Amino acid sequence: TPREVTDVASLLAPLPGVHVRRFGGDDSLATLSVRGSSSSQVAIVLGGVPLSGGSDPTLDLGSLPLWPGVQMRVYRSFAPAALGPGSLGGTLELRAPPVSGPPRTEVWSAVGSFGALRLRVGDSRTLGDGPDAPRVTAALSANRTDGDFTYVDALSLASSTRAERTRTNAGVAAANGLVQWSLPFRLSPTAARTARLTVLTLLQARRQGLAGTIKAPTTTEALTSTRALASVELAAPASAGSTLFARGWGRHNHLALRSRPDEAQLSGTPLSTSDTIVALGGSAGLRGRPTRGVSAEARLDGAGERFSPGTWVGALAPGGATRASAGLGADVEGRPAERLTLTASGRADLWHDAAAEGAGEDAARGTGHLGAQAELGALTLAAHGGHLARAPGFVERYGNRGAFLGS
């Protein structure tokens, strides 16, 4: 790209059909829209683990890490059913740095305007000798910026004076660490193919200053967040060249807001908040080639999610909520001709939502799509059609006892 890729938002922005909305400079709050959808209609997945859900359907791109070797793919509208429950706008899939290839170490650092400092480090290598030696990939990224600049105070102009102020409390500081451990092994001494156990862990911490507006600046208001994620996947060879998959995962998010009483009154925010999201899930599937030129994958998955508001000061806390979901999906891709590719996918999902106060609600949805792609020399023609749906967020369903009423 003409400009150095500094954060996830700048990596995704050039993609066709994708719109990134920034609420500040690099690393600040940014949201993703695909083909005109709202940000709450885009699912985000890291290594098969959903990062968005009923508690947080809109994910801040500024909270996503960026390491050397990371891969990201945006599925516009239709996504593979094996990725999990889809959404109306599309799906952003993040893949951890690959564990294959020769040993390598990459380091990238930068210094920029507004007090910006950045560091990205990635290392991947085999621990031992032989084809069955374990392989470890470790990645670290960190960044900070103060976001300060001088501006003309609009209130001073009303009194026929011109006063300059320095914007403060707009800084961001974040650190992200990832370790992926991959162990190939054989189910029997005579097995021709190896099985693989992959363990992925992610830890993140972030502090975002909330500077307010020029007419109502704040100097202490800040949002802090942490995210911890763990995933264990087993891939084992099956008959006829197919592969069995099984994955279990867990995710913990914590979000807290802190503000001074006088500044909270100016900005209309609580003095302090503390919210926790805990999600657990798993999936099992089979991938293979039933006939020549045809590949297929089927997965059964399930998950549970709980939103627990902590102590709120200066505002009424939103109600807690839980969700249990299960789904079955299948993807098929075939090449009936050398330059023609046909795809099909389908999912059936059901979920049960319950609020801390009130009865639970059940829902079920079926989704799927058909697609075709033809290569005509230098020209490629593609067409897709299908049915999309997503589960409502907890705020949409139950409201937040404030500006939004559930419906």
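Residues numbered from 1 in each chain as written. Predicted model: local features only at pLDDT ≥ 70, side-chain atom pairs only at ≥ 80, totals over all residues. Heavy atoms only, no water.

(A) Up close: the overall build of the protein chain. A count of helical and extended segments in the protein chain gives 4 helices and 21 strands. Computed over the C-alpha atoms, the radius of gyration of the protein chain is 24 Å, within 12% of the 22 Å expected from 2.2 N^0.38 for a compact globule of 407 residues. Counting only C-alpha atoms and orienting by the principal axes, one finds that the protein chain spans roughly 80 × 50 × 45 Å. For the protein chain, with 407 residues in total, the buried portion stands at 40%. Accessible area of the protein chain: about 20600 Å², with a carbon and sulfur share of 60%. Positive and negative charge centroids in the protein chain, built from 40 and 33 side chains respectively, lie 3 Å apart. (Helix = DSSP H or I, 4+ residues; strand = E, 2+ residues; numbered from the N terminus. Rg over C-alpha atoms; globule rule 2.2 N^0.38 Å. Buried < 20%, exposed > 50% of the residue type's maximum accessible area, 1.4 Å probe, protein only. Areas by Shrake-Rupley, 256 points an atom, 1.4 Å probe, with all protein chains shown as cover. Lys, Arg positive; Asp, Glu negative; His and termini not counted. Charge placed at Lys NZ, Arg CZ, Asp CG, Glu CD.)

(B) Local environment of the nonpolar core. Judged by nonpolar contacts, the single largest core of 32 residues is most densely connected at Leu12, Leu32, Leu61, Leu64 and Leu92. Looking at this core, the elements with two or more residues in it are α1 (8–12), β1 (18–22), β2 (30–34), β3 (42–46), β5 (71–76), β6 (90–95) and β13 (195–209). (Core = buried A, V, L, I, M, F, W, Y, C linked by side-chain atoms within 4.5 Å.)

(C) Spatial organisation of the environment of Arg196. In this fold, Arg196 is placed in strand β13. The sequence separation of Arg196 and Glu233 amounts to 37 residues, and the corresponding C-alpha distance is 8.1 Å. Filtering out sequence-adjacent residues up to four positions away, Arg196 remains in contact with Ser182, Leu183, Pro184, Phe185, Glu233, Leu234 and Ala235. (Contact = heavy atoms within 4.5 Å.)

(D) Local environment of unusual backbone geometry. Notably, Ser77 is not glycine yet its phi reads approximately 70°, a positive angle. In this fold, Ser77 is placed in the loop between β5 and β6. Residue Ser77 is classed as buried on the basis of its relative accessible area, which comes to 14%. Although it is not a glycine, Phe114 sits at a positive phi angle of roughly 55°. Mapped onto the elements, Phe114 comes out in the loop between β7 (104–112) and β8 (116–126).

(E) A look at the sheet that holds β5. Sheet architecture is open: 4 strands sit in the order β4-β3-β6-β5, paired in mixed fashion. Only two strands of the sheet have a single partner each, and these edge strands are β4 (49–50) and β5. Here 2 bridges tie β3 to β4, and the two strands are oriented antiparallel to one another. Counterpart to Leu46 in the pairing with β4 is Val49. (Pairing = 2+ DSSP bridges.)

(F) Empty space enclosed by the protein, seen in detail. Taken as a whole and assessed by the stated rule, the structure comprises 3 cavities of 30 Å³ or more. Put simply, the largest cavity is a space of about 190 Å³. Contributions of two or more residues to the lining of the largest cavity are made by α1, β8, β9 (135–145), β12 (172–185) and β13. Around the second largest cavity, the lining comprises 18 residues; the ones closest to its centre are Ala79, Gly86, Thr367, Gly368 and Leu388. Taken together, the residues of the lining of the second largest cavity break down into 6 nonpolar, 11 polar and 1 charged. (1 Å grid on protein atoms, 1.4 Å probe; cavity = no way out; pocket = protein on both sides within 12 Å on 5 of 7 lines; lining within 4 Å. Points joined across faces, edges and corners; volume = space filled by probe spheres on them. Nonpolar A, V, L, I, M, F, W, Y, C, P; charged D, E, K, R; others polar.)

(G) Just the pattern of salt bridges, in detail. Summed over all chains, the structure comprises 18 salt bridges. Put simply, Arg104 and Glu106 hold a salt bridge, and the shortest N to O gap is 3.6 Å. For Arg104, a relative accessible area of 25% corresponds to the partly exposed category. The class for Glu106 is partly exposed, based on a relative accessible area of 34%. Glu396 is the salt-bridge partner of Arg390, the closest N and O atoms lying 2.9 Å from each other. A residue is classified by how much of its surface remains accessible, and Glu396, at 35% relative accessible area, is partly exposed. (Salt bridge = Lys/Arg side-chain N within 4 Å of Asp/Glu carboxyl O.)

(H) Structural context of the side chain of Ser63. Relative to the elements of secondary structure, Ser63 occurs in the loop between β4 and β5. The residues touching Ser63, leaving out its near neighbours within four places in the chain, are Asn176, Gln204, Arg206 and Arg227.

(I) Just the packing of aromatic side chains, in detail. Here the structure, examined in full by the defined rule, presents 3 aromatic pairs. Residues Phe114 and Phe149 carry aromatic rings whose centres are separated by 6.5 Å and whose planes lie at 80° to one another, so their mutual orientation is edge-to-face. Here Phe149 lies in the loop between β9 and β10 (150–152) and Phe114 lies in the loop between β7 and β8, a separation of 35 residues in the sequence. Exposure remark for Phe114: the relative accessible area of 47% places this residue in the partly exposed category. With a centroid separation of 6.4 Å and 45° between ring planes, the pair formed by Phe394 and Tyr398 is classed as tilted. One end of the pair is Phe394 and the other is Tyr398, both in helix α4 (residues 394–398) and 4 residues apart, which spans about a single turn. What makes Phe394 buried here is its relative accessible area of 5%. Since its relative accessible area comes to 26%, Tyr398 is described here as partly exposed. Members of the aromatic cluster, connected to one another through ring pairs, are Phe114, Phe149 and Tyr151. Across the ring face of Trp108, the terminal group of Arg120 is positioned such that the distance to the ring centre comes to 3.9 Å. (Phe/Tyr/Trp six-rings, centres within 6.5 Å; stacked < 30°, edge-to-face > 60°. Lys NZ or Arg CZ within 6 Å of the ring centre and 35° of its normal.)

(J) Quick look at the side chain of Glu297. Mapped onto the fold, Glu297 is located in strand β17 (residues 294–309). On the basis of relative accessible area, Glu297 is assigned to the buried category, the value being 14%.

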